[in-house]
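Per-entry structural report
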Amino acid sequence: MKITAAITGIGSYVPDYVLTNLELEKMVDTTDEWITSRTGIKERRILKGEDQGTSVMGIKAVQQLLEKTGTRPEEVDLLICATVTPDMLFPATANIIANGVGIARAFSYDMNAACSGFLFALATGAQFVQSGTYKKVVIVGADKMSAIVDYTDRANCIIFGDGAGAVLLEPNTEGYGLLDQVLRTDGSGEAYLYQKAGGSRRPPTHETVDRREHFIYQEGATVFKFAVKSMADVAAQVMERNHLGNDDVAWLVPHQANKRIIDATAHRMGVGPEKVMLNIQRYGNTTNGTIPLCLSDYESQLRRGDNLVLAAFGGGFTWGSVYLKWAYDYQAVS
Ligand SMILES: CC(C)(COP(=O)(O)OP(=O)(O)OC[C@H]1O[C@@H](n2cnc3c(N)ncnc32)[C@H](O)[C@@H]1OP(=O)(O)O)[C@@H](O)C(=O)NCCC(=O)NCCS
């Protein structure tokens, strides 16, 4: 009997602090009108406070996931955390999250594929389930982008926000769950979207701090062009090779980088806006958080058997699309 890996639950968390476009207008030379028309973003959440890392949000998302799915921490076999803003370079944020929720009989590790990280981690975790090796795998997508955003750089500080989401993968023998994926990287994209210093090539010094090299560096227009084409290409490719017409697709679940990139992907797939999950207006680009946060926000509208096409694009460059058949009808937890 063929085993597939199905998402059987979702948890999420966003911090309370809301950074609005109006507040950004006071910080840099920008306008609500410019930000809204170029990106679709109205506000984003920011994790405030001393010693608050990405794991704080990851722990809250996984706690909710375990509660909603009635999973005991000791049942979890593996936890993968996709992030570009780990609490520290090592140990892995996945370990800190696992420890924070009492997952003690598992192994855990981080994955970094920039904004495509959640999809890459989902596809990786699914392999362990499909092979019959593990039964309960938690995939977390979490980022505290505010830790690496330069709030004097108007082109970048408007885009990013903080947030986390998590899903549980379990074996399914009825044909639900992850059915296909196209995942890609092109390392020649390195120079267009990256954090210049802080790694082994350019360790932190006073000079790297003075040159503001620990913040996100991005050539927005180049990234935009590449993202529009790549995300649409792989989403269309996944549809084609699974013989999915636009009527067959119940939902497009796109990485929330820019509303115009999302629109272009939907247009290429031939799906209308009513089938596109969208929450960029409220959270901005939370990097690895975007896709699970979308699934969380739309969970009550999902039905067993729905065909979902997930698509992402990120620094590096990385991009990909996953096709999955949704495995359950939502039941509100009282
Ligand atoms: C960042 C982004 C919104 C900028 O939009 P854009 O239309 O490409 O704008 P450009 O970078 O070409 O800049 C156009 C002008 O707007 C200005 N500008 C940039 N940010 C601005 C802001 N917040 N407010 C007002 N003006 C701004 C620029 O300085 C530039 O002015 P100039 O022409 O006088 O030099 C857009 O490039 C983008 O979304 N790129 C992809 C980013 C992304 O999704 N990254 C994550 C991938 S996972």
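Residues numbered from 1 in each chain as written. Predicted model: local features only at pLDDT ≥ 70, side-chain atom pairs only at ≥ 80, totals over all residues. Heavy atoms only, no water.

Looking at an unreviewed UniProt entry, the chain carries the name Beta-ketoacyl-[acyl-carrier-protein] synthase III, with the source organism given as Hymenobacter caeli. Under the UniProt heading Subcellular location (unreviewed entry), the note attached to the chain is "Cytoplasm". (UniProt positions renumbered as here; feature names shortened; annotations may be inferred.)

1. Some words on the site of the ligand
Taken together, 23 residues surround the ligand, and among them T30, R38, R154, Q218 and N258 come closest. At a separation of 2.7 Å, a nitrogen atom of the ligand approaches a polar side-chain atom of T30. Side-chain polar atom of N258 to an oxygen atom of the ligand: 2.6 Å apart, as the coordinates give it. Compared with its free state, where it exposes 960 Å², the ligand has 72% of that area covered by protein. Among the secondary structure elements, those contributing two or more residues to the shell around the ligand are helix 2 (32-39), helix 6 (154-157), helix 8 (220-241), helix 9 (259-269) and strand 12 (307-314). For the shell around the ligand, the element with the highest residue contribution is helix 8, accounting for four residues. Each residue belonging to the shell around the ligand can be placed in one class, and the counts come to 11 nonpolar, eight polar and four charged. When residues of the shell around the ligand are assigned to domains, at least three fall in each of domain 1 (4-175) and domain 2 (179-332). (Near = heavy atom within 4 Å. Polar contact = N/O pair within 3.5 Å; in protein donor to acceptor, adjacent residues only side chain to side chain. Areas by Shrake-Rupley, 256 points an atom, 1.4 Å probe, with all protein chains shown as cover. Helix = DSSP H or I, 4+ residues; strand = E, 2+ residues; numbered from the N terminus. Nonpolar A, V, L, I, M, F, W, Y, C, P; charged D, E, K, R; others polar. Domains from an automatic or database assignment.)

2. Considerations on the packing of helix 3 (residues 54-69) against helix 4 (residues 93-101)
Where helix 3 meets helix 4, the closest approach of the two axes is 9 Å, and the angle between their N-to-C directions is 50°. Regarding the angle of helix 3 to helix 4, the classification is oblique. Considering the relative orientation of helix 3 and helix 4, their crossing is right-handed. Across from T54, S55, G58, I59, V62, Q63 and L66 in helix 3, the residues of helix 4 making contact are T93, I96, I97, G100 and V101. Split by residue class, the contact of helix 3 with helix 4 holds six nonpolar, six polar and no charged. (Axes fitted to C-alpha atoms, helices over the stretch in contact; angles between N-to-C directions. Parallel < 35°, antiparallel > 145°, perpendicular 65-115°, else oblique. Left-handed = near helix turned anticlockwise from the far one by under 90°. Contact = heavy atoms within 4.5 Å.)

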